[in-house]
Amino acid sequence: MDGVSFAVAPGETLGIVGESGCGKSTLARLLLRLIEPDAGGVTFDGEDVRAASASRMKRLRRDMQLVFQDPYASLNPRLTIEDTVGFSLLVHGTPRAEARERARALLGRVGLDPRLYGRRYAHELSGGQRQRVNIARALVLDPRLLVLDEPVSALDKSVQAQVLNLLQELKVERALTYVFISHDLNVIEYVSDRVLVMYLGEVVETGSAEALARAPKHPYTQALFASAPSMDPDRRMDRLPIAGDPPNPIDPPSGCRFRTRCPFAMPRCAENPPPLVPVSAAHEVACYLYEPAPAALA
């Protein structure tokens, strides 16, 4: 993770997209200080999260919650569903009877009847039902920020749509702010107000979801959109939009990290990493092709 810097406004949904291994999940854990950063900082509502004490961090985690990618591995197989949802309340000092009552109410809100599902265990639920439990568990402390790490990637398309619609409803009801991580461009475009495109631990493009969908600028972002399958038989893919494998993240290429796979790579791309430069009011890209005064292109 190098030089990743961004801000999320209250009530906004920031989508983070990129292929596997680009650092999305690491970034999610850094935001909540589940991983200690080597440098830099995270500020939440004006407070430095990295400098917070253990007791203060416990309080901050009421306001910042994470929905994990795997809906089964993130649930305790020894706890019933209502105990799973209410466990966080017990940790924060809520009486057991009240915690159970709140957990049952929230299970009902995410579409799981507590009379039918409350005393079941994780292995007795489907993938979509497990992810609803994960969402309820994240919401039980009434957070303000929800970091969702590929919350629908393990679900089939019909269940994905149900969970995404539920998340949209909950966001409005509870005035939530989302950081939504996914490798699926369709999902990101559907839920996000603004999108951050990552490649090998760096931000290569950022802008409104509409701007990126209408006119992606960075060659990597263009390749991502070009690789999305189309239902139009006249838009068959004649050649791969992107070739080769990502370089080793431990020893990345010099300069622009995408240059080894980029069809527009120039000699200067190997010298220094390009900075993010604005291409419109709400759109920035890290590519020498979009310099204000571009040099002669090879």
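As the structure is a computational prediction, the values presented were derived from the model and not from experiment. (Residues numbered from 1 in each chain as written. Predicted model: local features only at pLDDT ≥ 70, side-chain atom pairs only at ≥ 80, totals over all residues. Heavy atoms only, no water.)

K.L.:
Hey, could you run me through helix α2 (residues 54-63) in this one?
P.N.:
Structural remark: α-helix, 3.6 residues per turn; residues separated by three or four positions point the same way. Looking at α2, one finds that the buried residues are M57, L60, R62 and D63. Turning to α2, the residues buried within the fold contact β2 (43-44), β3 (47-48), β4 (64-67) and β5 (145-149). (Buried < 20%, exposed > 50% of the residue type's maximum accessible area, 1.4 Å probe, protein only. Helix = DSSP H or I, 4+ residues; strand = E, 2+ residues; numbered from the N terminus. Contact = heavy atoms within 4.5 Å.)

K.L.:
What is the right way to read the sheet that holds strand β7 (residues 194-199) from this model?
P.N.:
The strands making up a sheet associate through backbone hydrogen bonding, with each pair oriented either parallel or antiparallel. An order of β4-β5-β6-β1-β7-β8-β10-β9 is seen for the 8 strands of this open sheet, with the pairing classed as mixed. Two strands in the sheet have a free side with no partner beyond their single neighbour: β4 and β9 (277-280). If you compare each strand with its neighbour and ignore which way they point, the axes differ by 20 degrees on average. Pairing of β9 with strand β10 (residues 283-285) involves 3 bridges; the strand directions are antiparallel. Bridging from a neighbouring strand, V277 pairs with V285 of β10. Packed on one face of the sheet, helix α6 (residues 127-139) meets β4 and β5 and runs near 170 degrees to β4. (Pairing = 2+ DSSP bridges. Axes fitted to C-alpha atoms, helices over the stretch in contact; angles between N-to-C directions.)

K.L.:
Help me understand the state of the cysteines, please; the structure alone is not making it clear to me.
P.N.:
Every disulfide links exactly two cysteines, by a covalent bond between their sulfur atoms. Throughout the structure, instances matching the rule amount to 0 disulfides. With no disulfide partner, C22 has as its closest neighbouring cysteine sulfur the one in C256, 14 Å distant. C256 provides the cysteine sulfur closest to C269, a residue in no disulfide bond, and the two sulfurs are 5.9 Å apart. (Disulfide = S-S within 2.5 Å.)

K.L.:
Even after reading the chapter, I still don't get the packing of aromatic side chains, so can you show me in this structure?
P.N.:
Two aromatic rings, taken as a pair, are described by how far apart their centres are and by the angle between their planes. For the structure on display, the rule yields 3 aromatic pairs. Members of the aromatic cluster, joined through ring pairs, are Y199, Y220 and F258. Positioned above the aromatic ring of Y288 is the side chain of R268, whose terminal nitrogen or guanidinium carbon lies 4.0 Å from the ring centre. (Phe/Tyr/Trp six-rings, centres within 6.5 Å; stacked < 30°, edge-to-face > 60°. Lys NZ or Arg CZ within 6 Å of the ring centre and 35° of its normal.)

K.L.:
Quick question: what am I supposed to make of the nonpolar core here?
P.N.:
Taken as a class, soluble globular proteins show a tendency for nonpolar side chains to be buried jointly. Of all hydrophobic cores here, the largest spans 54 residues; its most connected members are V133, I135, F180 and V197. Take this core: its biggest share by element is 6 residues, from helix α7 (residues 157-174). Sequence-distant contacts of V197, that is, excluding residues within four places in its chain, are made with V17, E202, V203, V204, E205, L212, Y220, T221 and L224. In this structure, C22, L27, M57 and I181 belong to the second largest nonpolar core, which totals 22 residues. (Core = buried A, V, L, I, M, F, W, Y, C linked by side-chain atoms within 4.5 Å.)

K.L.:
Would you take a moment to explain the environment of L89 for this structure?
P.N.:
Within the fold, L89 resides in helix α3 (residues 81-91). Overall, the relative accessible area of 0% leaves L89 in the buried class. Along the chain, L89 and Y121 lie 32 residues apart, while their C-alpha atoms are 19 Å from each other. For L89, the residues in contact, after removing those within four places along its chain, are T94, A99, R102, V140 and L141.

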